[in-house]
Amino acid sequence: MADLIEIILFASAVLTMAAIVFAALRFLMGPTAADRTAAFDTLTIISISIIAMLAQYFGRIIFIDVAMIYGILSFIGVVAVARYLEGGL
Amino acid sequence: MSGSGKRSGRIGAVILSGLMFTLIYVFWTGATDPYDISIFTVLAFGTCAVFVRGGIFPRPGLKKIAYAAAYIPYMVVEIVKANLDVASRVIKPTIPLNPGIVAVDTKLTTPIGRTVLANSITLTPGTLSVEIKGSRLYIHWIDVQGHGGEEEAKMIVAGFEKYLEVIFG
Amino acid sequence: MEILRLAGAIIVFIGSVFLFLGGLGLLRMPDVYNRIQAGTKATTLGSMCVFIGLGIYHPALLSRMLVLLAFIVITNPISSHALARAAHFAGVKLVKGSVCDRLEVEEAEDAASGSPDPIGNDTINDDRPAGDLGGGG
């Protein structure tokens, strides 16, 4: 049973890393600035999930604070970039 | 805000925000010590008394709370439907798309109601709110039905307005 | 107890599948608006499932995960809406084969008729009294 749980969690970590690879490809390829920013937004959400998984893996609750701050900073960053692209900043 | 009776005044807004911050603190730290919680409660209410402005949130009533409680499971079902929709599109060899931006007028009058409506639209199947001008919403729709007229676009917002009209007025 | 841990792990796996599909959609969709749609929706449910699953797997984390989940659900649509609006005003066109673009058409009509914005202004109409700029009491 414990082995099965380990395998499932490992498989989900691998899938999430694949998602990071796809989003990073779009971040590098994206023809316009808006594409890159959308990719950045998605990257941070996926990273928050990965940080939460790491918090569980290492048993360090403090990592979730890191995830929260990362989310807040990325939200502010994306909104600021959006304002800039609009020409309102 | 003295003019509108439907929205909560300054005192109500302070109480609502203070309770919300206390709840977030208790959930975040898992604090059980009453001394700890009471100190934070005093701090939260003090900060809200200085910084919170009234007239944003609706005055809570029994009917509004009931509708808000019913709105959350409705949203969860819509989010799951949205994801199955996106998943079924993404895994096909050629992505079936019929995109366009449609316009629709909303019946909601308060800014907070329109904000919640726009955010809900973004989370539901195939729709993304692009712009709000006054009461007019511009929605990017991944699979436009018909010719994208007002009637088709009404379908998107009708389900949410039923709840949000009661909650936010 | 073991059953609970297994259920948590399976929910985490479902969430990671949605995260994977979100990344794939971001890569495959043809234009910015469709990419934002795939990126936002799939990652919202994906991270929701991951947080709830980890909370069930490790009950000490559950309350924090709920706060994190509420934060993600509230901010994710806001940032994607801001991005879509910015993309439209930065002049990114819809993909070829799109059905209609009412926003483009109506903006052109407004510009042609010369009346500056008959409905309202660009921002949400806030009916505060003039002179009240928010902030303290």
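Residues numbered from 1 in each chain as written. Chains lettered and ligands numbered in written order. Predicted model: local features only at pLDDT ≥ 70, side-chain atom pairs only at ≥ 80, totals over all residues. Heavy atoms only, no water.

Asks: So what's going on with the overall build of chain B? Residues and values would help.
Replies: A count of helices and strands for chain B gives five helices and three strands. For 169 residues, the compact-globule formula gives about 15 Å, and the C-alpha radius of gyration of chain B, at 20 Å, lies well above that figure. If one aligns the C-alpha atoms of chain B with their principal axes, the spans along those axes are about 60 × 40 × 25 Å. For chain B, the proportion of its 169 residues judged to be buried stands at 45%. A separation threshold of at least 6 residues defines the contact pool for chain B, and within that pool the share at least 24 residues apart is 70%. Charge-centre separation for chain B: the mean point of 16 positive side chains lies 7 Å from the mean point of 12 negative side chains. (Helix = DSSP H or I, 4+ residues; strand = E, 2+ residues; numbered from the N terminus. Rg over C-alpha atoms; globule rule 2.2 N^0.38 Å. Buried < 20%, exposed > 50% of the residue type's maximum accessible area, 1.4 Å probe, protein only. Contact = heavy atoms within 4.5 Å. Lys, Arg positive; Asp, Glu negative; His and termini not counted. Charge placed at Lys NZ, Arg CZ, Asp CG, Glu CD.)

Asks: Go over the interface of chain B and chain C, please, and point to the residues and values.
Replies: Every contact between the two is made by 56 residues of chain B and, on the other side, 58 residues of chain C. Counting the surface lost from both chain B and chain C, the interface buries some 4,700 Å², and carbon and sulfur atoms represent 65% of this. Summed over the three residues of chain B that lose the most area to chain C, namely Trp 28, Ile 101 and Lys 133 of chain B, the buried surface amounts to 14% of that side. Taken together, the connections running from chain B to chain C amount to one salt bridge. Linking Glu 131 of chain B and Arg 85 of chain C is a salt bridge whose minimum nitrogen-to-oxygen distance equals 2.7 Å. On inspection of chain B and its partner chain C, the count reaches 15 residue pairs in polar contact (both at pLDDT 80 or more). Of all the secondary-structure elements, those providing two or more residues to the side of chain B that touches chain C are helix 1 (10-29), helix 2 (34-51), helix 3 (62-90), strand 1 (100-105), helix 4 (111-123), strand 2 (127-133) and strand 3 (136-141) of chain B. The greatest single-element share of the side of chain B that touches chain C, amounting to eight residues, is contributed by helix 3 of chain B. In the side of chain B that touches chain C, the residues fall into 30 nonpolar, 17 polar and nine charged. (Buried area = accessible area lost by both parts, 1.4 Å probe. Salt bridge = Lys/Arg side-chain N within 4 Å of Asp/Glu carboxyl O. Polar contact = N/O pair within 3.5 Å; in protein donor to acceptor, adjacent residues only side chain to side chain. Nonpolar A, V, L, I, M, F, W, Y, C, P; charged D, E, K, R; others polar.)

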